[in-house]
Number of protein chains: 8
Amino acid sequence: MSEEQRTEEQRTEDLGFARVDLDRARRTGDPEVVYGAGKTPEQVVAILRTLHERHPDRAVLATRLSEEAMAYVASALPEAEVHAVARSATLGPLPEPRGTVAVLSAGTSDAPVAAEAALSVRVHGAGVDLVQDVGVAGLHRLLAVRDRLEDADCLIVVAGMEGALPSVVGGLTGVPLVAVPTSVGYGASFGGLSALLGMLNSCAPGVTVVNIDNGYGAGVFAARVARAAGPRR
Amino acid sequence: MSEEQRTEEQRTEDLGFARVDLDRARRTGDPEVVYGAGKTPEQVVAILRTLHERHPDRAVLATRLSEEAMAYVASALPEAEVHAVARSATLGPLPEPRGTVAVLSAGTSDAPVAAEAALSVRVHGAGVDLVQDVGVAGLHRLLAVRDRLEDADCLIVVAGMEGALPSVVGGLTGVPLVAVPTSVGYGASFGGLSALLGMLNSCAPGVTVVNIDNGYGAGVFAARVARAAGPRR
Amino acid sequence: MSEEQRTEEQRTEDLGFARVDLDRARRTGDPEVVYGAGKTPEQVVAILRTLHERHPDRAVLATRLSEEAMAYVASALPEAEVHAVARSATLGPLPEPRGTVAVLSAGTSDAPVAAEAALSVRVHGAGVDLVQDVGVAGLHRLLAVRDRLEDADCLIVVAGMEGALPSVVGGLTGVPLVAVPTSVGYGASFGGLSALLGMLNSCAPGVTVVNIDNGYGAGVFAARVARAAGPRR
Amino acid sequence: MSEEQRTEEQRTEDLGFARVDLDRARRTGDPEVVYGAGKTPEQVVAILRTLHERHPDRAVLATRLSEEAMAYVASALPEAEVHAVARSATLGPLPEPRGTVAVLSAGTSDAPVAAEAALSVRVHGAGVDLVQDVGVAGLHRLLAVRDRLEDADCLIVVAGMEGALPSVVGGLTGVPLVAVPTSVGYGASFGGLSALLGMLNSCAPGVTVVNIDNGYGAGVFAARVARAAGPRR
Amino acid sequence: MSEEQRTEEQRTEDLGFARVDLDRARRTGDPEVVYGAGKTPEQVVAILRTLHERHPDRAVLATRLSEEAMAYVASALPEAEVHAVARSATLGPLPEPRGTVAVLSAGTSDAPVAAEAALSVRVHGAGVDLVQDVGVAGLHRLLAVRDRLEDADCLIVVAGMEGALPSVVGGLTGVPLVAVPTSVGYGASFGGLSALLGMLNSCAPGVTVVNIDNGYGAGVFAARVARAAGPRR
Amino acid sequence: MSEEQRTEEQRTEDLGFARVDLDRARRTGDPEVVYGAGKTPEQVVAILRTLHERHPDRAVLATRLSEEAMAYVASALPEAEVHAVARSATLGPLPEPRGTVAVLSAGTSDAPVAAEAALSVRVHGAGVDLVQDVGVAGLHRLLAVRDRLEDADCLIVVAGMEGALPSVVGGLTGVPLVAVPTSVGYGASFGGLSALLGMLNSCAPGVTVVNIDNGYGAGVFAARVARAAGPRR
Amino acid sequence: MSEEQRTEEQRTEDLGFARVDLDRARRTGDPEVVYGAGKTPEQVVAILRTLHERHPDRAVLATRLSEEAMAYVASALPEAEVHAVARSATLGPLPEPRGTVAVLSAGTSDAPVAAEAALSVRVHGAGVDLVQDVGVAGLHRLLAVRDRLEDADCLIVVAGMEGALPSVVGGLTGVPLVAVPTSVGYGASFGGLSALLGMLNSCAPGVTVVNIDNGYGAGVFAARVARAAGPRR
Amino acid sequence: MSEEQRTEEQRTEDLGFARVDLDRARRTGDPEVVYGAGKTPEQVVAILRTLHERHPDRAVLATRLSEEAMAYVASALPEAEVHAVARSATLGPLPEPRGTVAVLSAGTSDAPVAAEAALSVRVHGAGVDLVQDVGVAGLHRLLAVRDRLEDADCLIVVAGMEGALPSVVGGLTGVPLVAVPTSVGYGASFGGLSALLGMLNSCAPGVTVVNIDNGYGAGVFAARVARAAGPRR
């Protein structure tokens, strides 16, 4: 057995149905995360437990949980916290927040994705300011929270349908902005394609985009930016 | 020869390369229009001349003209008016305007489509208020012209890239709004598809859409709405 | 708390799962509307009730209701009217109709979208003339109702599959025409894409288009046009 | 050398840049055809000449010719006939027509494809009745030629943009109908995709479709149908 | 009430949920057909009964029936014939066959579409020769039935996945060929798009195509061709 | 003239062909930028000159310049600096760099987009470390520069074809990463769509994406992140 | 009955719902395979039994089995082996392995496709080395197994999402590599399209690709390559 | 300077416009290749020369050359061999062939891609048997070369339009088969997408696919397979 293979064994733990990466934090500074889609409630709980045992001092996050998985986590891991809107669960203490990410959502149907983004930010070490229902068809709501945008170190802007909110927000402020298209819509929204294309073609410079409904990825990214930000400009 | 065939002959004139419909105004109340794309300068002039001779009392419109066609129209038909930005020409007196259409465009690159729309409105019998460069990434410009939106009987909103302007405008006013996506953009704008999908999925209710770059179609529609509008509400 | 924030509070009411906009009519002249898709029957009823209490003198509309939601609305809000074909419900008195919108549909499968469009027109203050089953493969039916087209202030033309009806109707009349593609079809209709593209590329000038199955949006737009129309030309 | 290989040599002739199939008529009853796109004028002439020498008693067809190829064919093969609108050339006597194909086109821009279809019909042994400019936005022209549709053994219906003409024609008659979408259009016509989808989703039963701009394929098919048709029903 | 409107009433019968066209045979020579998708078993039976009562001397066809609809038709209309593979039912005597259509299918999964095509051919008045499981990956099966292809007046070729069968068959014979792509496949078959594009781009001339899974449309078309064919060439 | 309109006039300057926004830096902290695509060399120079006169103390950037525009800028504005690989020009002093952005590119064909990104970073106030030709098919090159990744405050990763580089880099480090798909490729790269989709679906968490070939947008975003970053962790 | 038809009868056996090809091994050297999707458990068992009876000395493979089909196979054919992860079953002795195929998968969700590929390799006569969970975001795992790649005669690389693994592996070794995109992913993965395009555009030369989730096809191909490979280079 | 960086310098040579990989053969056993698209004739010659100087004993390949580049290579590097049909050039001695790859093409327009594939096979160390013009619409040509298929160690099958040839060939033989879709076609071939999808969905098992027009990639792969093949089975 080579040196490389030996190290590999210490880095991962094989649960039979998954090889769990126990070493990610060292490489990227991030916590462990379980992507719950397509996993049984039992598998979710097993991975959460394994990761928590190795690193009891920091939070583990499970996302994309089914109703059944959330219920089973709640009963099998009483110390876990289930976040219903975000369809997620955490186990272990959340880190002390450094910096702030403002999470904006365009409509009520975008709430689950915004909640997943906000929770991911927290688990990855930054603070959150959640601003909901500020769609572009009602500009007054958005203009009323303008100060909160400027106070953030990074913005996450969540919208479905035409995905226009990042362009408007990006014109109001120079804070780094990550746009999250959602699959909210019907017909020619084509499962979020419309919002995705809208955000990629934003006329506001400096807008970056993640996959449709990927609140988690936006949260990881924004937390990294916020954590690294120095004292406010 | 049947009765129907005889009537058909009076309604149209065969120029060899095109059968010109001389009777459209009676059916729809609209002027005659020449779609210039794919036609030689000589063909454009021939059709303009034929239509003008039949109805010298009202304007004929030619759109989508090449540089060559515009130059040839200017020299061969000195009484014609060439509209360079709109890539169009008119021959014959414009009708008296009834009602007003406000034409908004998001960026300078959208100017040709906005100009085609504005000219089409005028030729089809309504007045125009042209408002340029009011993109969503600079909201203050748009908010500064809010009164002019309310004064119009119909709005045409022209935008490329993410096509977000109609959503913002549609949230500010209840005036009927026709959105025109343009092919302005690159990469994932896919020749205007991004703006088209954005407008079709607008979160502002009551936004209707025409084909990419179809300023003419929007102008025809909006003029019909404005002409029929009663005194301001 | 800033002045802007205080005003915002009066304009909206937070129900926990949604922030309800109580002020839309003032901005756009339109009634309040609940988009029922993805909402529980209880949520639909709660929003309908809240909006109705604020404005008991005018109708509130709920669209895209499931069978369960329609049943629950009927039992929980006996004074509401449930419109089964349109999968919608209204609460409060409908406004006095001003102007007329003719709603045409191509086939029997398009009936729900046509019904949603017709109801939306009524709730937004115009009268309706509903003309069903006038597909292009049976032209005699369409030609038989030609007079009714001319009597309308605006047309809504609903069709699935190849979406050809707006082109034929648009060649018969100059009344403003809003086309609604439906998801009726299979195979290469790609969920309504075929009808949508057909309508966007209509050879009849002055045809505008809304999203697939968006009877509501077409109704809002057409009612605005019809309400503003002066006495018939 | 095997028996099979020997036979193969007699069936084809190798011109260096192409192996010409000299035996197709025996297998399918069709004449030889040169697809001119991507071939040099010299190659087109060489293939035409080779095929004509083997079968001087029947026509050879060359389609999709560039301006240069048409000019070179005219000068190098004086006995050839160049069909400018169809961008094609024929060499050798056309066959006696059996049966009739009516070729309808929707707009003047569709003329080249309609002409290619009509010429292909003739070369493949049927007669042609060409009916141009009968688009659906001007139904009176189409209704005026209704008798000619019924007199045909097969119909070819050529249209671009929304491609609605086959649906209307297919509702008027039970004659077998081949639809040809063209690339005429812009924006959301996506190079003929819009017309193609429209025709594939036609609500008129019994409409079949060929590739975009494929007048030749439609002509081959329709001629086969017309040639086999018995005396009129 | 106008003359046109009166005639319209005699031509159709309103069942509440559908306006039944009682006059189609006169216009196109075809029987009445009920498209069963999206209709309740009760609606299917009601339309079948109505159409049969008006024209008891000829067959009515119902396609795209659910298991429930087929069972209900069998019990409510004992004189109807249910065709399980074709997911269809007929009521009334089938017409005397004129001419022959050979229906070929590539794989066993294509059987339902091939059966729908074959039944539609019979109902529309031609005879059928059904040849199953002759996919291109086993050429010997296809070559073994070559004579039957030549004996037909029209071919229907049904295939999913890559849709290659029509190209191979079209190279073997000059009999008119209608290709039917099916939604059989997975992954990059995109619901039949792969087979559809393959057939539209066939290198064999004279192949026409219908919508994905549209056995009915192919059957209508092919029967028309076969019925009109004169004695064999 | 309202207060709002007066302010608007001071914020912008109308050049006839463009209304130049003179106030952007105040709103977003960013310099002025001219998007050169579709503009004549004369227009590019005029806008550069206008913006430079208002703010001579800071750089103005022009991107997407044609060969002609670069030559004309060089001759008409001798104090401008033309960046040939980046197809861009700058006028005025570059800001003092704060923080560092590492710009990685996968292949030599991606160089222009990487250069545009790097220049945009510099103009927007951060320093650049440019690392070229580190494609995933030659991992040793990438692993050799691993330290430079960790030293950056933000990464820009530029790749065409399959766009796999961001996933590999994102697995090596937790530095915020902006991915730029390029249109480098052919066939099924569909103008950069392949790379775009690859990046949006990256299995490495925390990857954000901009439009195809949008080096400028990535540069703006990354510079904002780097400028705000505190002393290295 | 012709000679050809007689032979055909011996080559196939008609089960009513399928014509089973008993002769494939002779033509291609491959075993018989049942594609289970869309077949009832009873049909799967019937075909397995028929094929096994004809060739009891070699394995028959059934893929894409539902849970029900796997259970029914297990009970009805006790001598069959059910492979749960691969959703497959085999009946009859596996062949002696010649050569080795290494099957790599990127993530745990790709396991079913990798298992189907591995089993198909075995059934088609080659040996398998299965290497799971070596995604590109954790390069150390992949580098640790580099020797095993070089020891194989052919590689199968299975990945979903962005499908980057084949590019990285293809840069490490010159062993022939077949890439299998999976439908693992969400949003802009579009059912595996993202991984498919990524693999087709791989910057590593010599990567070939099969359909999305087509582990079977990759296995057949790789086994053929491995079986033919001579002693290691 | 680290050890890794020092090694890197020896492995590559920086030409200013490209960093040339001098070490690829050691890693993958393949020769050096220059992808000529987008490179100037001077750049092509410079890279060819550099690579040849390092490894004068083996061939360097340049593909996708413009007419200008081929002419410049011929004059600047007289010892190079220019392959006009393959749009490629080689410099240095070709390796001794081991094993045989049969390259089949469907039509004359596919010749350039087939030639690129064949040349790539030779440069990568295997022998070639080129079989042209064996499209599926003329099966007799293909059946006549059946023996040559069986004699090969790997097949490359090149086809545009519907891309059906690999399915037919794959049904005739069990030799490993790499399919190359070409961009030959028009309309709904969508630049080769039709052929690509057809090949990915092939009903013949064991067909693998490369990018559209990627003769080079297929050649690399097939040569690897053929070189490794032992004595014929």
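Residues numbered from 1 in each chain as written. Chains lettered and ligands numbered in written order. Predicted model: local features only at pLDDT ≥ 70, side-chain atom pairs only at ≥ 80, totals over all residues. Heavy atoms only, no water.

**What about the overall build of chain A?**
Here's step 1: The secondary structure content of chain A amounts to ten helices and eleven strands.
Here's step 2: Across the 233 residues of chain A, 64% fall into the buried class.
Here's step 3: When contacts within chain A are restricted to residue pairs at least 6 apart in sequence, those whose partners lie at least 24 apart make up 67%.
Here's step 4: In the structure as shown, chain A presents an accessible area of about 7800 Å², 50% of it carried by carbon and sulfur atoms. (Helix = DSSP H or I, 4+ residues; strand = E, 2+ residues; numbered from the N terminus. Buried < 20%, exposed > 50% of the residue type's maximum accessible area, 1.4 Å probe, protein only. Contact = heavy atoms within 4.5 Å. Areas by Shrake-Rupley, 256 points an atom, 1.4 Å probe, with all protein chains shown as cover.)

**Describing the domain arrangement of chain A**
Residues and elements named next belong to chain A.
Here's step 1: For chain A, the domain assignment lists domain 1 (3–91) and domain 2 (100–228).
Here's step 2: Across the boundary between the two partners, domain 1 contributes 16 residues, which contact 14 residues of domain 2.
Here's step 3: Taking both sides of the interface into account, the surface hidden between domain 1 and domain 2 amounts to around 1200 Å²; carbon and sulfur atoms contribute 60%.
Here's step 4: Applying the counting criterion to the domain 1 and domain 2 interface returns one salt bridge. (Domains from an automatic or database assignment. Buried area = accessible area lost by both parts, 1.4 Å probe. Salt bridge = Lys/Arg side-chain N within 4 Å of Asp/Glu carboxyl O.)

**Overview of the pattern of salt bridges**
Residues and elements named next belong to chain B.
Here's step 1: For the structure shown, the criterion picks out 24 salt bridges over all chains.
Here's step 2: The partner of arginine 148 in a salt bridge is aspartate 129, and the shortest N-O contact between them spans 2.9 Å. Of this pair, arginine 148 sits in helix H7 (residues 146–150) while aspartate 129 is found in strand S8 (residues 127–131), placing the two residues 19 residues apart along the sequence.
Here's step 3: The class for arginine 148 is partly exposed, based on a relative accessible area of 31%.

**Section: the packing of helix H5 (residues 111–123) of chain D against helix H10 (residues 215–228) of chain D**
All names here are of chain D.
Here's step 1: For the pair H5 and H10, interaxial distance at closest approach is 7 Å and the crossing angle is 35°. Taken as a pair, H5 and H10 cross one another with a handedness that is right-handed. Note on element contacts: H10 touches H5 through Gly215, Tyr216, Gly219, Val220 and Ala223, opposite Val113, Glu116, Ala117, Ser120 and Val121. (Axes fitted to C-alpha atoms, helices over the stretch in contact; angles between N-to-C directions. Left-handed = near helix turned anticlockwise from the far one by under 90°.)

**Description of H5(D)**
All names here are of chain D.
Here's step 1: The end-to-end C-alpha distance of H5, which contains 13 residues, comes to 18 Å, matching closely the 18 Å that a straight helix rising 1.5 Å per residue would cover.
Here's step 2: Along H5, eleven of the 13 residues are buried, which leaves the element largely enclosed by surrounding structure.
Here's step 3: For H5, the complete set of buried residues consists of Ala111, Val113, Ala114, Ala115, Glu116, Ala117, Ala118, Leu119, Ser120, Val121 and Val123.
Here's step 4: Immediately beyond the C-terminal end of H5, within one or two residues, lies glycine 125, with a positive phi of roughly 100°. (Expected span 1.5 Å × (residues − 1).)

**Quick look at the environment of Glu53(D)**
Residues and elements named next belong to chain D.
Here's step 1: As for its placement among the helices and strands, glutamate 53 is situated in helix H3 (residues 41–54).
Here's step 2: Classification of glutamate 53 as exposed rests on a relative accessible area of 57%.
Here's step 3: Separated by 159 residues in sequence, glutamate 53 and isoleucine 212 have C-alpha atoms that sit 33 Å apart.

**Observations concerning the interface of chain F and chain A**
Often, the extent of an interface is quoted as the loss of accessible area on bringing the components together.
Here's step 1: In this complex, chain F contributes 32 residues to the contact, which on the side of chain A involves 32 residues.
Here's step 2: Contact between chain F and chain A buries roughly 2600 Å² in total, counting both sides, with carbon and sulfur atoms accounting for 61%.
Here's step 3: By the criterion of area lost to chain A, the three top residues of chain F are Leu200(F), Phe221(F) and Arg224(F), representing 22% of everything that side buries.
Here's step 4: Across the chain F-chain A interface, the total number found is zero salt bridges.
Here's step 5: Inspection of the region where chain F meets chain A yields eight residue pairs in polar contact (both at pLDDT 80 or more).
Here's step 6: A per-element tally of the side of chain F that touches chain A places helix H10 (residues 215–228) of chain F first, with seven residues.
Here's step 7: When its residues are assigned to classes, the side of chain F that touches chain A shows 17 nonpolar, eleven polar and four charged. (Polar contact = N/O pair within 3.5 Å; in protein donor to acceptor, adjacent residues only side chain to side chain. Nonpolar A, V, L, I, M, F, W, Y, C, P; charged D, E, K, R; others polar.)

**Side note on the relation of the copies chain F and chain A**
Here's step 1: Each copy superposes on the other: chain F lies on chain A with an RMSD of 0.0 Å after a rotation of 180° and an axial shift of 0.0 Å. Here the copies are linked by what is in effect a two-fold axis.
Here's step 2: The overlap is high: 100% of the interface residues of chain F also sit at the interface in chain A, so the same surface is used on both sides. (Least-squares fit on C-alpha atoms with pLDDT ≥ 70 in both.)

**What about the side chain of Glu32(C)?**
Residue and element names in this part refer to chain C.
Here's step 1: When you line up the elements, glutamate 32 lands in the loop between helix H2 (24–28) and strand S3 (33–35).
Here's step 2: Taking relative accessible area as the criterion, glutamate 32 reaches 3% and is therefore assigned buried.
Here's step 3: Within the structure, the side chain of glutamate 32 is placed 3.5 Å from the side chain of arginine 58, a separation counted as a polar contact.

**With respect to the environment of Leu197(A)**
Here's step 1: Topologically, Leu197(A) is positioned in helix H9 (residues 193–200).
Here's step 2: Judged by its relative accessible area of 3%, Leu197(A) falls in the buried class.

**Examining the UniProt feature "domain: PurE" (unreviewed entry) in chain A**
Here's step 1: The positions that UniProt labels "domain: PurE" (unreviewed entry) are, in the present scheme, residues 99–231 of chain A.
Here's step 2: Secondary structure across residues 99–231 of chain A divides into 41% helix and 19% strand, with the first and last C-alpha atoms of the span separated by 9 Å. (UniProt positions renumbered as here; feature names shortened; annotations may be inferred.)

**Section: the pairing of strand S7 (residues 100–105) of chain A**
Residue and element names in this part refer to chain A.
Here's step 1: Counting buried positions over the six residues of S7 gives five, a clear majority of the element.
Here's step 2: Of the strand pairs in this sheet, S7 and strand S8 (residues 127–131) are connected by five bridges, and their pairing is parallel. Counted as the bridge partner of alanine 102 is aspartate 129 from S8.
Here's step 3: One crossover worth recording links S7 to the parallel S8 by way of helix H5 (residues 111–123), and it is right-handed.
Here's step 4: The pairing of S7 with strand S9 (residues 154–159) spans five bridges and is classified as parallel. Looking at S9, one finds that serine 105 is bridged to valine 158. (Pairing = 2+ DSSP bridges. Right-handed = clockwise from strand over helix to strand, strands pointing away.)

**Some details on the sheet that holds strand S3 (residues 33–35) of chain A**
Residues and elements named next belong to chain A.
Here's step 1: Read from one edge to the other, the open sheet built from four strands follows the order S3-S4-S6-S5, with strand pairing classed as mixed. At either margin of the open sheet sits one strand with a lone partner, and together these are S3 and strand S5 (81–83). With direction set aside, neighbouring strand axes in the sheet form an average angle of 15°.
Here's step 2: By the bridge criterion, three bridges tie S3 to strand S4 (residues 60–63) in an arrangement that is parallel. Bridged to valine 33 within S4 is leucine 61.
Here's step 3: The sheet strands contacting helix H4 (residues 67–76) are S5 and strand S6 (88–91), and the helix crosses S5 at an angle near 160°.

**Observations concerning the sheet that holds strand S6 (residues 88–91) of chain G**
Residues and elements named next belong to chain G.
Here's step 1: Read across the open sheet, the four strands follow the order S3-S4-S6-S5; overall the sheet is mixed. Where the open sheet ends on each side, the last strands, each with one partner, are strand S3 (33–35) and strand S5 (81–83). Each adjacent strand pair in this sheet contributes to an overall mean axis angle of 15°, direction not counted.
Here's step 2: Pairing geometry for S5 and S6, over three bridges, is antiparallel. Residue pairing across strands places histidine 83 opposite serine 88, the latter belonging to S6.
Here's step 3: Most of the contacts of helix H4 (residues 67–76) go to S5, to which it runs at about 160°, and overall it touches S5 and S6.

**Section: the pairing of strand S9 (residues 154–159) of chain H**
Residues and elements named next belong to chain H.
Here's step 1: Of all the six residues making up S9, six are buried; the element is thus mostly covered by neighbouring parts of the structure.
Here's step 2: Across the two faces of S9 the burial is the same, with Cys154, Ile156 and Val158 and Leu155, Val157 and Ala159 all buried.
Here's step 3: By the bridge criterion, five bridges tie S9 to strand S10 (residues 177–181) in an arrangement that is parallel. Each bridged residue has a counterpart across the sheet, and for leucine 155 the counterpart in S10 is leucine 177.

**Some details on helix H9 (residues 193–200) of chain C**
Here's step 1: Burial runs high along H9(C): seven of the eight residues are buried.
Here's step 2: Burial in H9(C) covers these residues: Ser194(C), Ala195(C), Leu196(C), Leu197(C), Gly198(C), Met199(C) and Leu200(C).

**A look at the packing of aromatic side chains**
Here's step 1: In the structure shown here, the tally under the stated rule is twelve aromatic pairs over all chains.
Here's step 2: With a centroid separation of 6.2 Å and an interplanar angle of 25°, the aromatic rings of Tyr35(D) and Tyr186(H) are classed as stacked. Placement of the pair is Tyr35(D) in strand S3 (residues 33–35) and Tyr186(H) in the loop between S10 and helix H9 (193–200), with the two residues belonging to separate chains.
Here's step 3: Seen from the ring of Tyr186(H), Arg64(D) lies directly overhead, with NZ or CZ sitting 4.3 Å from the centre. (Phe/Tyr/Trp six-rings, centres within 6.5 Å; stacked < 30°, edge-to-face > 60°. Lys NZ or Arg CZ within 6 Å of the ring centre and 35° of its normal.)

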